[in-house]
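Chain and residue survey
Here are the chains, one letter per residue:
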Amino acid sequence: MGSVDTETRLYTLAEGCPYADPATAQRFSDGSPIKGLMLLQDTQLIETLAHFSRERIPERVVHARAVGAWGEFEVTHDISHLTSAKFLNGIGTKSKTLSRISTVGPERGSADTIRDVRGWALKIFTEQGNQDFVFNDIPVFFVRDPVKFPSLNRSHKRHPATNVTDATIFWDFHSQNQEGIHALMFLFSDRGTPRSVRHVNGYSGHAYKLVAPGGTGFHYVKFHFISDQGTDTMTADEATRLAGADPDYHTADLYNSIAASRFPSWTLKVQVMTPQQAEAYRWNVFDMTKVWPHADFPLQPVGKLTLNKNPDNYFADIEQAAFSPSTMVPGIAPSADPMLQARMFAYPDAARYRLGANYQQLPNNRPAAPVYSPYERDGRASINGNYGGDASYVRATATRAVAFASSGSKTAAAFTPGITAHDVWALGSVAEYTSDVVEDDFVQARAFWRDVLGPQPGQQAHFVSNVAGHIGLANREVWEATFDMFARVAPELGKAVRDAVLARDA
Ligand code: NDP
C-alpha cells in the first residue's frame with residue numbers, strides 16, 4: 001500500500017495513476033511541430049513543482065550537519081545487578097541501533113571538518129521500547145544552567161547583523177560565562193578537529209541513574225562509548241584545508257568504511273557511583289562541566305556498538321531521525337541534572353516542530369516494541385492506523401472503549417505492572433546547585449592542560465595555536481577578559497595565549 005513499485009518501476013502520479021511521460025510537460029498542440037502553451041491540467045507538472053518547493057523541512061537549530069548509520073549493540077558484560085533494562089541484561093543480548101553523529105553550530109550544508117563539538121546520538125530499539133543516548137564527543141559541557149543554552153549556541157553561530165560567524169561574540173560569551181572553560185579546553189585541543197566520526201568517543205556528560213531490578217535502589221552512572229578505532233585528530237591546518245577542498249570528508253569516510261565492511265565499533269563503559277558516594281563527592285554530580293576522574297570511578301565495560309549498515313536513504317533514515325534524552329527504558333532514569341531535565345523537554349519539542357506530532361511513527365523512529373498510547377492520536381500525518389475505535393481517554397473499560405460492536409479493541413488496555421521507578425529523587429547536598437563560577441571550576445581544566453595534554457608531545461603547543469588563532473579574529477575589547485580566563489586555568493597558559501595572540505597581531 002503506497003509503496004514504491006520497485007518490481008516494474010512504472011512511473012505513476014503520486015496518487016498511483018499511470019503516467020506515460022514524466023519528462024515532458026503537456027502543451028497545447030494543433031498538430032504543427034511548434035507546440036503552444038502549457039496546460040493547467042498537467043497534474044504531473046504541477047505536483048512535481050509543488051513538491052519540490054516543499055522538500056525541505058525545518059533544519060535543526062543545532063546539530064543540523066550529520067552523518068549516520070544503522071548498527072547493533074551487544075552486551076559483553078552483565079550489569080543486571082545495576083539495572084533492570086533488558087537490553088543491558090544477559091551477555092550476548094543484541095539490539096538494533098540507529099546512530100547520528102553531527103557538528104553542532106553550523107548549518108546542514110556546512111563542512112564536516114570544522115572545529116566543533118560532535119553530537120553523538122544513538123537510538124537502541126529494545127524490547128522495552130526505544131532507548132536514546134544523545135551524547136557529545138567531549139565529556140563535559142559549556143554551561144550547567146539550561147537557561148543559558150540558547151545564548152551559548154547563538155554565540156557560536158552567526159552575528160545577527162552581519163550574518164557572519166563571529167569570534168567576538170564567541171569570546172564575549174565565554175569570557176563572561178567561564179563555567180565553560182573545561183569544555184573550551186577540549187574544543188580547542190586537537191580533539192576539536194577529529195580525523196573522522198569513527199575516531200570520536202561518545203560521552204553522556206550528564207549523570208544518569210541505573211535502577212536496580214524491582215526499583216529498589218539506584219546508582220548514578222556516566223556512560224562512555226570509547227572508539228575501538230582509537231581517537232585520532234587533524235591539525236587545524238588540515239581541517240581547514242579539507243573544509244574547503246572536501247567539505248563532505250567525514251560523511252564519505254563513514255559511508256565508504258561501512259560499504260567496504262570496515263565496520264566501526266565502540267565499547268560502552270560506565271562509571272558507577274552510589275548515592276552515598278555522590279553525597280560525599282567533591283564534585284556535584286549534577287554539574288555537567290565536570291568529569292568524574294577515572295581514578296575515583298573506574299570505567300567498567302558493558303557492551304559493544306557496531307555500525308554495520310549505511311542508510312538506504314539519508315533523508316528517510318537520518319534527517320527524519322529524532323533523538324531525545326527523554327526516551328529511556330525502565331531501568332534507566334534521569335538524574336536531577338538541570339541540563340538533562342531541560343533537554344528532556346527541548347528535544348521532543350524540537351522533533352514535534354521539525355517533523356510533526358507523530359514523528360515517533362516514522363519508520364526510522366518507530367520502536368521495535370509494541371506501542372499502545374491511544375490517548376495520543378490524530379495530528380498531521382498519523383500513519384499507524386490511529387488506534388481505530390479504541391478509547392481515546394485513560395481508564396477506559398472494554399465496554400466504554402468500544403463505541404460500536406464492529407470496531408475497536410475488545411479488551412480493556414492495561415498498564416505494565418512493576419515499572420515504578422525508585423522513589424528517591426535527589427539527596428540533600430548533591431541537590432545544591434549554582435551557576436556562579438568559582439575557583440573549583442578551573443581545577444579539572446587545569447588537570448586537562450597539565451596532566452593530559454602536558455605529557456603528549458605537541459598537544460599544548462597545538463592548543464595555544466588553535467585558541468590564539470581564533471581569539472585573534474575577535475575584537476580587542478574581548479581579549480583581556482579571555483586571556484584572564486585562560487590564566488585562571490594556569491598562569492603559563494594565560495601567558496602563552498596572550499603572547500601568541502599579540503604575536504599574530506604584531
Ligand atoms: P586520566 O588520566 O585517568 O584520564 C584522562 C583522559 O583524558 C584519558 O583517559 C582520555 O579519555 C582523555 N584524553 C587523553 N588524551 C587526550 C587528549 N589529547 N585530548 C582530550 N582528551 C584526552 O585522568 P582523570 O580521569 O583524572 O581526568 C583528568 C582530566 O582528563 C579531566 O580533568 C578531564 O579534563 C580529562 N578527561 C577525563 C575524562 C573522565 O571521564 N575522567 C574523560 C576524558 C577526558 P578517553 O579515554 O575518554 O579518551
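Quantities reported herein were computed from a predicted structural model and do not represent experimental measurements.

Attention shifts here to the site of the ligand. In the vicinity of the ligand lie 19 residues, with His182, Arg191, Tyr203, His294 and Gln456 positioned nearest. Within the backbone of His294, one N or O atom sits 2.7 Å away from an oxygen atom of the ligand. Residue Gln456 places a side-chain N or O atom 2.8 Å away from a nitrogen atom belonging to the ligand. For the ligand, the accessible surface in isolation is 790 Å², of which the surrounding protein chains cover 76%. Here the element with the most residues in the shell around the ligand is helix H11 (residues 443-453); it accounts for five residues. Here the shell around the ligand is built from residues that sort into 11 nonpolar, seven polar and one charged.

Under the feature "binding site: heme" (unreviewed entry), the UniProt entry names Tyr347. Among the structural elements, Tyr347 can be located in helix H9 (residues 338-355).

Split into domains, the chain comes out as domain 1 (1-55) and domain 2 (66-153 + 191-361). Using C-alpha coordinates to define each centre, domain 1 is positioned 44 Å away from domain 2.

Counted by the stated rule, this structure contains 22 salt bridges. For Arg144, the salt bridge identified is with Asp441, shortest N-O distance 2.7 Å. In this pair, Arg144 is assigned in the loop between strand E4 (129-136) and helix H2 (149-156) and Asp441 in the loop between helix H10 (398-401) and H11, connecting sequence segments 297 residues apart. Of the residues examined, Arg144 reaches a relative accessible area of 3% and is grouped as buried. You can call Asp441 buried: its relative accessible area is 5%. Two residues, Asp287 and Lys290, come together in a salt bridge whose shortest N-O distance is 3.0 Å. Under the relative-accessibility criterion, Lys290 is labelled buried at 4%. Among the charged side chains, a network of salt bridges with common partners joins Arg144, Asp287, Lys290 and Asp441.

Right, let's talk about the pairing of strand E1 (residues 66-75) for a bit. Regular strands show a simple pattern: their side chains alternate between the two faces of the sheet. Among the 10 residues of E1, eight are classified as buried, and the element is accordingly described as predominantly covered. Strand direction decides the pairing type here: E1 and strand E2 (residues 94-103), joined by nine bridges, are antiparallel. Bridging from a neighbouring strand, Phe73 pairs with Ser95 of E2. Of the pairings in the sheet, the one linking E1 to strand E9 (residues 300-309) comprises six bridges and is antiparallel in character. Considered in E9, the bridge of Trp70 is made with Lys309.

UniProt marks His63 and Asn136 with the feature "active site" (unreviewed entry), using the numbering shown here. Taking the farthest pair of C-alpha atoms as the criterion, the annotated set spanning 74 residues converges on one region, since that pair is 10.6 Å apart. You can see His63 is positioned in the loop between helix H1 (43-53) and E1. For His63, a relative accessible area of 15% translates into the label buried. Not counting residues up to four positions away in its chain, the partners in contact with His63 are Arg100, Ser102, Thr103, Val104, Gly119 and Asn136. A relative accessible area of 15% means that Asn136 is categorised as buried. Every residue in contact with Asn136, bar those within four places of it in the chain, is listed here: His63, Val117, Arg118, Gly119, Trp120, Phe141, Asn201, Gly202 and Tyr203.

With that settled, the discussion passes to the packing of H2 against helix H3 (residues 167-176). Two numbers describe how H2 lies on H3: the axes approach to 7 Å, and their chain directions differ by 145°. The segment H2 lies against H3, with Ser151, Leu152, Arg154, Ser155 and His156 engaging Ile169, Phe170, Phe173 and His174. For the contact of H2 with H3, the residue count by class is four nonpolar, four polar and one charged.

Take the packing of aromatic side chains next. Counting across every chain of the model gives 27 aromatic pairs. Their ring planes at 65° and their centres at 5.6 Å tell us that Phe141 and Phe142 sit as a pair that is edge-to-face. Using a relative accessible area of 10% as the deciding quantity, one classes Phe141 as buried. Assessed through its relative accessible area of 4%, Phe142 is described here as buried.

What follows concerns helix H14 (residues 491-505). Along its 15 residues, H14 runs 21 Å from first to last C-alpha, staying within 8% of the 21 Å computed at 1.5 Å per residue. Within H14, burial applies to Leu493, Gly494, Val497, Ala500 and Val501. In a view along the axis of H14, the buried residues occupy a sector of 135°, so they form one face of it. In this structure, H14 carries Pro491, Lys495 and Ala503 as exposed residues pointing more than 90 degrees from its buried face. Looking at the packing, one finds that the buried side of H14 touches helix H4 (181-187), H11, helix H12 (459-471) and helix H13 (479-489).

Attention shifts here to the packing of H3 against H13. Helix-helix packing is characterised by the crossing angle of the two axes and by the distance between the axes. Between H3 and H13, whose axes approach to 9 Å, the crossing angle comes to 50°. The angle between H3 and H13 places the two elements in the oblique class. Considering the relative orientation of H3 and H13, their crossing is left-handed. Taking contact as the criterion, the partners of Trp171, His174, Ser175 and Gln176 in H3 are, on H13, Ala481, Thr482, Met485 and Phe486. Classifying every residue of the contact of H3 with H13 gives four nonpolar, four polar and no charged.

Rules behind the numbers
Residues numbered from 1 in each chain as written. Predicted model: local features only at pLDDT ≥ 70, side-chain atom pairs only at ≥ 80, totals over all residues. Heavy atoms only, no water. Near = heavy atom within 4 Å. Polar contact = N/O pair within 3.5 Å; in protein donor to acceptor, adjacent residues only side chain to side chain. Areas by Shrake-Rupley, 256 points an atom, 1.4 Å probe, with all protein chains shown as cover. Helix = DSSP H or I, 4+ residues; strand = E, 2+ residues; numbered from the N terminus. Nonpolar A, V, L, I, M, F, W, Y, C, P; charged D, E, K, R; others polar. UniProt positions renumbered as here; feature names shortened; annotations may be inferred. Domains from an automatic or database assignment. Salt bridge = Lys/Arg side-chain N within 4 Å of Asp/Glu carboxyl O. Buried < 20%, exposed > 50% of the residue type's maximum accessible area, 1.4 Å probe, protein only. Pairing = 2+ DSSP bridges. Contact = heavy atoms within 4.5 Å. Axes fitted to C-alpha atoms, helices over the stretch in contact; angles between N-to-C directions. Phe/Tyr/Trp six-rings, centres within 6.5 Å; stacked < 30°, edge-to-face > 60°. Expected span 1.5 Å × (residues − 1). Arc of directions from axis to C-beta. Parallel < 35°, antiparallel > 145°, perpendicular 65-115°, else oblique. Left-handed = near helix turned anticlockwise from the far one by under 90°.

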